[in-house]
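Chain by chain, the residues:
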Amino acid sequence: MKIKIKPSTLNGTIEIPPSKSYSHRAVIAAALAEGKDNRKSKIDNLKFSVDITTTTDIMENWGAKINREESSLEIVGNSEKVVPKDKYVQCNESGSTIRFLIPIGITNENELIFDGKGKLVDRPLDSYYRIFDEQEIFYKNENGKLPLEVKGKLKPGNYEIDGNISSQFITGLLYALPLLDGDSKLIINKNLESKGYIDLTLEILKLAGIEIMNNDYKSFDIRGNQIYKPFDYTVEGDYSQVAFWIVAGIISANRDNEIKCLHVNKNSLQGDREIIEIVERMGAKLEIFYDYLIVKPSKTKGTVIDISQCPDIAPILTVLGALSEGETRIINGERLRIKESDRITSIKTELNKLGANVAEEGDSLIIQGVEGFRGGVTVNAWNDHRIAMSLAIASTRCEKEIILEEAESVRKSYPHFWDDFVRMGGEIEAIEK
Ligand SMILES: O=C(O)C1=C[C@@H](OP(=O)(O)O)[C@@H](O)[C@H](O)C1
Ligand SMILES: C=C(OP(=O)(O)O)C(=O)O
């Protein structure tokens, strides 16, 4: 979908959508829970983005009984036995889905074909291939790309994972290993990045009655033969998404505007909560309350941002850096290259078309601040929801309107983003389906 976005300033109150990371975890844990006497889990405040629908569909296919309402779910779990009705597992473009579900799928002797779309076809899974090689689990793919055929069953024992590629492998194993018929140890080699996501995993596992011994994130001791228990849970707002609205509020050209963001847990464990500390360091003024926050326009200064623990907020922080005084450096962004797009190159390329001054240096983004963007050009979202949303927020500081291609990519995590954008004062016009 191609849309025209006119320059406008955003203002008002926004309901931040539920955390995608918590939603995946809650749906999976509830789907694995014992379904004795039809005992069910209830998950409230869910939004069926493409990624969450994908995970939910797969868990249903693997034996959970799921009743979907508009913004909640009831699940009777499959009692830890993954028995697929269909061996084909379509993960669409969701890295979380495929990396969480590969090990869970083979906690039972199964034959599965994992497939994906877009960039997911190429996103790395090598950490699992090493385990399959060690355990002589059959797997087949062409040139390391999806589809991936896997046949076998995981064995309890020692597992080693590099902590600097994707924390999603660690989450997948933390979910799967308690289901094996013996104890396991998960050892993390190299530096653990995206550590906050492991905290979310441990929190939901605990809620489901799963016990894991965390040895300071260097290793985890996991007892086998554990049983997931049903639970009730309400998903909190998503810090990766509130980041867009925080930056929108800071860069607003209308000094009288303010953006109030609802459902933002002040004490959240989400790693992207770092957005608050980063923008405050750059000079932004936020008013933070127990479960909401208020952002007013402010002048910001460049800084150095280590993005290794909060990769998903890199694109929108690049927008903020581009409009801040002096130089902003976003460093340690290696894994940004293996997301829905190569986010170092995609955000640099598209923001520069608007008139920003962004350069790549190794795995860093080096940004020289400008007063505002020119706009007046066509930009592309690279089929990446976070690039589309970042460009939408950047458009509010363009002199001229912009055309955005692949605007529909927001549906991966935030399907009603454009409705919210318009509700907050954005002006868009669809040009092409
Ligand atoms: O576990 C999760 O929910 C996620 C982990 C992160 O991935 P990496 O650990 O690969 O950085 C993040 O980018 C992704 O959007 C969600
Ligand atoms: C990288 C992301 O998600 P995933 O890895 O689940 O595809 C994201 O939402 O930015």
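Residues numbered from 1 in each chain as written. Chains lettered and ligands numbered in written order. Predicted model: local features only at pLDDT ≥ 70, side-chain atom pairs only at ≥ 80, totals over all residues. Heavy atoms only, no water.

Draft legend 1. Spotlight on the packing of aromatic side chains. Taken as a whole and assessed by the stated rule, the structure comprises 14 aromatic pairs. A ring pair is formed by Y175 and Y228, whose centres lie 6.2 Å apart and whose planes are at 25 degrees; its orientation type is stacked. Within this pair, whereas Y175 is found in helix α5 (residues 167–176), its partner Y228 is found in the loop between β13 (219–222) and β14 (232–234), the two being separated by 53 residues in sequence. Since its relative accessible area comes to 0%, Y228 is described here as buried. Centre to centre, the rings of W418 and F421 are 5.6 Å apart; their planes meet at 85 degrees, and the pair counts as edge-to-face. Taken together, the positions of W418 and F421, both in helix α12 (residues 417–423) and three residues apart, correspond to about one turn of that helix. By way of ring pairs, the aromatic residues W245, Y414, F417, W418 and F421 are connected into one cluster. (Phe/Tyr/Trp six-rings, centres within 6.5 Å; stacked < 30°, edge-to-face > 60°. Helix = DSSP H or I, 4+ residues; strand = E, 2+ residues; numbered from the N terminus. Buried < 20%, exposed > 50% of the residue type's maximum accessible area, 1.4 Å probe, protein only.)

Draft legend 2. Looking closely at the site of ligand 1. Near ligand 1 you find 14 residues, and of these R25, S166, S167, D312 and R335 are the closest. In this structure, an oxygen atom belonging to ligand 1 sits 2.5 Å away from a side-chain N or O atom of D312. R335 has a polar side-chain atom sitting 2.6 Å from an oxygen atom of ligand 1. When ligand 1 sits alone it has 390 Å² of accessible area, and the protein chains cover 96% of it. Among the elements of the structure, α1 (20–32), α3 (95–105) and α5 are those that each provide at least two residues to the shell around ligand 1. For the shell around ligand 1, the domains that each give at least three residues are domain 1 (2–17 + 237–432) and domain 2 (20–234). (Near = heavy atom within 4 Å. Polar contact = N/O pair within 3.5 Å; in protein donor to acceptor, adjacent residues only side chain to side chain. Areas by Shrake-Rupley, 256 points an atom, 1.4 Å probe, with all protein chains shown as cover. Domains from an automatic or database assignment.)

Draft legend 3. Structural detail: the environment of I276. One can find I276 in helix α8 (residues 274–281). Accessibility expressed as a relative area gives 10% for I276, which makes it buried. Taking the C-alpha atoms as reference points, I276 and P7, 269 residues apart in sequence, are found 26 Å from one another.

Draft legend 4. Structural context of the UniProt feature "binding site: phosphoenolpyruvate" (unreviewed entry) in the chain. Here the UniProt feature "binding site: phosphoenolpyruvate" (unreviewed entry) sits at K20, G95, R123, Q168, R343, R386 and K412. Summarising the element assignment, R343 is placed in helix α10 (residues 343–354). Owing to a relative accessible area of 2%, R343 belongs among the buried residues under this scheme. Tracing the sequence through the fold places R386 in helix α11 (residues 385–395). A residue is classified by how much of its surface remains accessible, and R386, at 1% relative accessible area, is buried. (UniProt positions renumbered as here; feature names shortened; annotations may be inferred.)

Draft legend 5. Structural detail: the site of ligand 2. In the neighbourhood of ligand 2, 14 residues make up the surrounding shell, with G95, S96, R123, R386 and K412 lying closest. In the model, an oxygen atom of ligand 2 is placed 3.0 Å from a nitrogen or oxygen of the Q168 side chain. Elements represented by at least two residues in the shell around ligand 2 include exactly α3 and α11. The residue inventory of the shell around ligand 2, partitioned by class, reads no nonpolar, five polar and nine charged. Domain assignment of the residues forming the shell around ligand 2 places at least three in each of domain 1 (2–17 + 237–432) and domain 2 (20–234). (Nonpolar A, V, L, I, M, F, W, Y, C, P; charged D, E, K, R; others polar.)

Draft legend 6. Summary view of the pairing of strand β20 (residues 357–361). Where β20 lies against strand β21 (residues 364–368), five bridges are found, and the strand directions are antiparallel. Paired with E361 across the bridge in β21 is S364. (Pairing = 2+ DSSP bridges.)

Draft legend 7. Spotlight on the sheet that holds strand β3 (residues 40–44). One open sheet accounts for four strands, arranged β4-β5-β3-β14; its pairing is mixed. Every other strand in the sheet has two partners, leaving β4 (65–68) and β14 as the edge strands with one partner each. Direction aside, the axes of adjacent strands within the sheet are offset by 15 degrees on average. As defined by bridge partners, β3 adjoins strand β5 (residues 72–76) across five bridges and the pair is classed as antiparallel. (Axes fitted to C-alpha atoms, helices over the stretch in contact; angles between N-to-C directions.)

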